[in-house]
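For reference, the chains in residue letters:
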Amino acid sequence: MQTHAIPRYPDAGWYDALERGAKPALGEALTLVEAGGAEGRALLDRLHPLGGRAQIIGVTGPPGSGKSTLVNELALHYAVAGRRVAVVAVDPSSPFTGGAVLGDRVRMARASGNERVFIRSASSRGRLGGVARSTFDFVRVFDAVGYDPVIVETVGIGQSEVDIWRIAHTPIVVEAPGLGDAVQAMKAGVLEIASIFCVNKADQAGADAKAAQLAELSDRASAHTPGWTIPVLRTVAHEGTGIVALAEAIARHGDYLHATGRFKALERARAIAEIRTGLEALFVDAPMTRAHRDGILDRLADEVAMRARGPASAAQEIESRYLAGRATSAQTP
Ligand SMILES: Nc1nc2c(ncn2[C@@H]2O[C@H](COP(=O)(O)OP(=O)(O)OP(=O)(O)O)[C@@H](O)[C@H]2O)c(=O)[nH]1
Ligand SMILES: [Mg+2]
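The model shown is predicted, which means the values in this text are computed figures rather than measured ones.

About the criteria used
Residues numbered from 1 in each chain as written. Chains lettered and ligands numbered in written order. Predicted model: local features only at pLDDT ≥ 70, side-chain atom pairs only at ≥ 80, totals over all residues. Heavy atoms only, no water. Core = buried A, V, L, I, M, F, W, Y, C linked by side-chain atoms within 4.5 Å. Buried < 20%, exposed > 50% of the residue type's maximum accessible area, 1.4 Å probe, protein only. Phe/Tyr/Trp six-rings, centres within 6.5 Å; stacked < 30°, edge-to-face > 60°. Lys NZ or Arg CZ within 6 Å of the ring centre and 35° of its normal. Axes fitted to C-alpha atoms, helices over the stretch in contact; angles between N-to-C directions. Helix = DSSP H or I, 4+ residues; strand = E, 2+ residues; numbered from the N terminus. Parallel < 35°, antiparallel > 145°, perpendicular 65-115°, else oblique. Contact = heavy atoms within 4.5 Å. Nonpolar A, V, L, I, M, F, W, Y, C, P; charged D, E, K, R; others polar. Pairing = 2+ DSSP bridges. Right-handed = clockwise from strand over helix to strand, strands pointing away. Left-handed = near helix turned anticlockwise from the far one by under 90°. Polar contact = N/O pair within 3.5 Å; in protein donor to acceptor, adjacent residues only side chain to side chain. Arc of directions from axis to C-beta. Patch = residues over 30% accessible without salt bridge, like charges linked within 9 Å, V, L, I, M, F, W, Y side chains within 5 Å. Areas by Shrake-Rupley, 256 points an atom, 1.4 Å probe, with all protein chains shown as cover. Salt bridge = Lys/Arg side-chain N within 4 Å of Asp/Glu carboxyl O.

S.K.: Looking at this structure, how should I read the nonpolar core?
M.R.: One broad trend across soluble globular proteins is that nonpolar side chains are buried collectively. With 41 residues, the main nonpolar core has L74, I151, I172, I196, L246 and I250 as its most contacted residues. Formed by 33 residues, the second largest nonpolar core is a distinct cluster that contains L18, I56, F118 and A122.

If you want it as structure tokens, here you go:
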């Protein structure tokens, strides 16, 4: 086999390697878009026309229900079938304290060693709003360079995770016996948009009760999805049991989305969410990050917490320091 030097960004050879989905170029591309600079944005726009084919699978559920283990098995299933599959593991840790998904690295070790699987975690890396934007952007890159499906794993409890969840074509809720409360999750709006329910840890006591609970929710939720009955599946992720049936249900759901035109409708909804995220990046995340860097956020936080001024006035100060020029030019056509 001939050996070539690894093409460098931004040579033409690098783009070719990226568009073929080559791992080194892909890793660099993700780092570039994650940095959020002009180069990353230009790259995303360049890749944009290539995308729109991948089925995006969202996997959410309470902590410890076995999502990462399940995603690992699912990714291997697709890899064995000859597909290239990407996993985005969303780390919802605080933007300024950082965090790691060490457990996930262990749980997904098997799949990450496979040449057809690319796993990347999205964390906020010190920037507010970074998780949602990184996740959107990573999914777009993977889709553009031929990874299909793209699986996004996120803990489904907070509001921001629900937002990330909305980019999925096929949202799957993973519950486990004795863990989490389906009704509680429903309050967070997660179950309302599920396409597939999965009772993982079906080897444990209480699986029947959990399945019965989800079947009841499926009856109610399926009323909102004409033509699609939300299946309640059982898996034992660490043994790989039930993975084939899960993959079949995901494929059927993909067919349903295309046949009913819902795939296109979801793409449009995602476009709006991405435009919003882009605006938030410009008008919220960027000034907050700069204020943090300049020490102004700290001072304002103290002043507001000590009741020396109101939060609106603090927001006003950040606006006039970092956005005033922008606002004026935005208002002038
Ligand atoms: N008995 C049993 N254990 C399982 C099963 N699936 C996963 N586990 C175990 O459950 C634990 C949690 O699994 P994870 O895959 O990390 O769960 P998770 O939902 O990704 O957890 P977070 O990412 O922290 O929210 C691990 O120790 C797994 O080995 C299963 O089907 N049965
Ligand atoms: Mg996990």
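S.K.: Could you clarify how one ought to interpret the packing of aromatic side chains in this entry?
M.R.: One pair of aromatic rings is described through two measures. These are the centre distance and the angle between the planes. For the structure on display, the rule yields five aromatic pairs. Ring geometry for Y9 versus W14: centroids 4.9 Å apart, planes at 80 degrees, classification edge-to-face. Between W14 and Y15, the ring centres sit 5.2 Å apart and the planes meet at 80 degrees, which makes this aromatic pair edge-to-face. Here the basic side chain of R46 rests over the ring of Y15, its NZ or CZ set 3.5 Å away from the ring centre. Geometry around Y147 places R84 over its ring, the cationic atom sitting 4.9 Å from the centre.

S.K.: Would you explain the packing of helix α11 (residues 243–260) against helix α12 (residues 262–293) in this entry?
M.R.: Each pair of packed helices gets described by two things: the angle between the helix axes and the distance between those axes. Between α11 and α12, whose axes approach to 5 Å, the crossing angle comes to 90 degrees. Put simply, α11 runs roughly perpendicular to α12. Across from Y256, L257, H258 and T260 in α11, the residues of α12 making contact are R262, F263 and L266. For the contact of α11 with α12, the per-class residue count stands at four nonpolar, two polar and one charged.

S.K.: Where do I start with the pairing of strand β6 (residues 196–199) in this structure?
M.R.: Consecutive side chains of a regular strand alternate in pointing toward one face of the sheet and then the other. Neither face of β6 is exposed, since I196 and C198 on one face and F197 and V199 on the opposite face are all buried. Sheet analysis places strand β5 (residues 170–175) next to β6, joined by four bridges and oriented parallel. Across the sheet, residue I172 finds its bridge partner in β6, namely I196. Across three bridges, β6 lies against strand β7 (residues 232–234) in parallel orientation. Residue pairing across strands places V199 opposite R234, the latter belonging to β7. Between the parallel elements β6 and β7, the chain passes through helix α10 (residues 207–222) in a crossover that is right-handed.

S.K.: Before we go on, may I ask you to explain the packing of helix α1 (residues 12–19) against helix α3 (residues 38–47) in this structure?
M.R.: Between α1 and α3, whose axes approach to 12 Å, the crossing angle comes to 60 degrees. When the axis of α1 is compared with that of α3, the two are oblique. When the axes of α1 and α3 are compared, the crossing they make is right-handed. Packed against α1, whose contacting residues are W14, Y15, L18 and E19, the element α3 presents L43, R46 and L47 at the interface.

S.K.: Got a minute to help me understand the side chain of T235 in this structure?
M.R.: With respect to the helices, strands and loops of the structure, T235 is situated in the loop between β7 and α11. The class for T235 is buried, based on a relative accessible area of 1%. At 2.9 Å, the side chain of T235 and the side chain of N200 are in polar contact. Here T235 is in contact with L70, C198, V199, N200, K201, A202, T241 and G242, once residues within four sequence places are set aside.

S.K.: Can you help me understand helix α13 (residues 296–305) in this one?
M.R.: Each α-helix turn comprises 3.6 residues. Residues three or four places apart therefore point the same way. Within the span of α13, buried status applies to I296, L297, L300 and E303. Looking straight down α13, one finds its buried side chains confined to an arc of 125 degrees; they lie on one side. Seen from the buried face of α13, the exposed residues on the opposite side, beyond 90 degrees, are D298 and A305. Just beyond α13, the residue with positive phi is R307, at close to 65 degrees.

S.K.: Where do I start with a nonpolar patch on the surface in this structure?
M.R.: Residues I275, L279, L282, F283 and V284 make up a contiguous nonpolar surface patch of roughly 430 Å² in combined accessible area. Positionally, F283 belongs in helix α12. Here F283 falls in the partly exposed class, since its relative accessible area comes to 33%.

S.K.: Looking at this structure, how should I read unusual backbone geometry?
M.R.: With an omega of 0 degrees, the peptide bond running from Y9 to P10 counts as cis. Counting through the fold element by element, P10 comes out in the segment before α1. Residue P149 follows D148 across a cis peptide bond; omega there is 5 degrees. Along the polypeptide, P149 turns up in the loop between α7 (130–144) and β4 (150–155). One non-glycine residue, K201, adopts positive backbone phi at about 60 degrees. Position of K201 among the secondary structure elements: in the loop between β6 and α10. On the accessibility criterion, K201 (25% relative accessible area) is partly exposed. With phi around 65 degrees, R307 is a residue other than glycine that occupies positive phi space. Turning to its location among the elements, R307 is positioned in the loop between α13 and α14 (311–331). R307 gets classed as exposed once you look at its relative accessible area, which sits at 75%.

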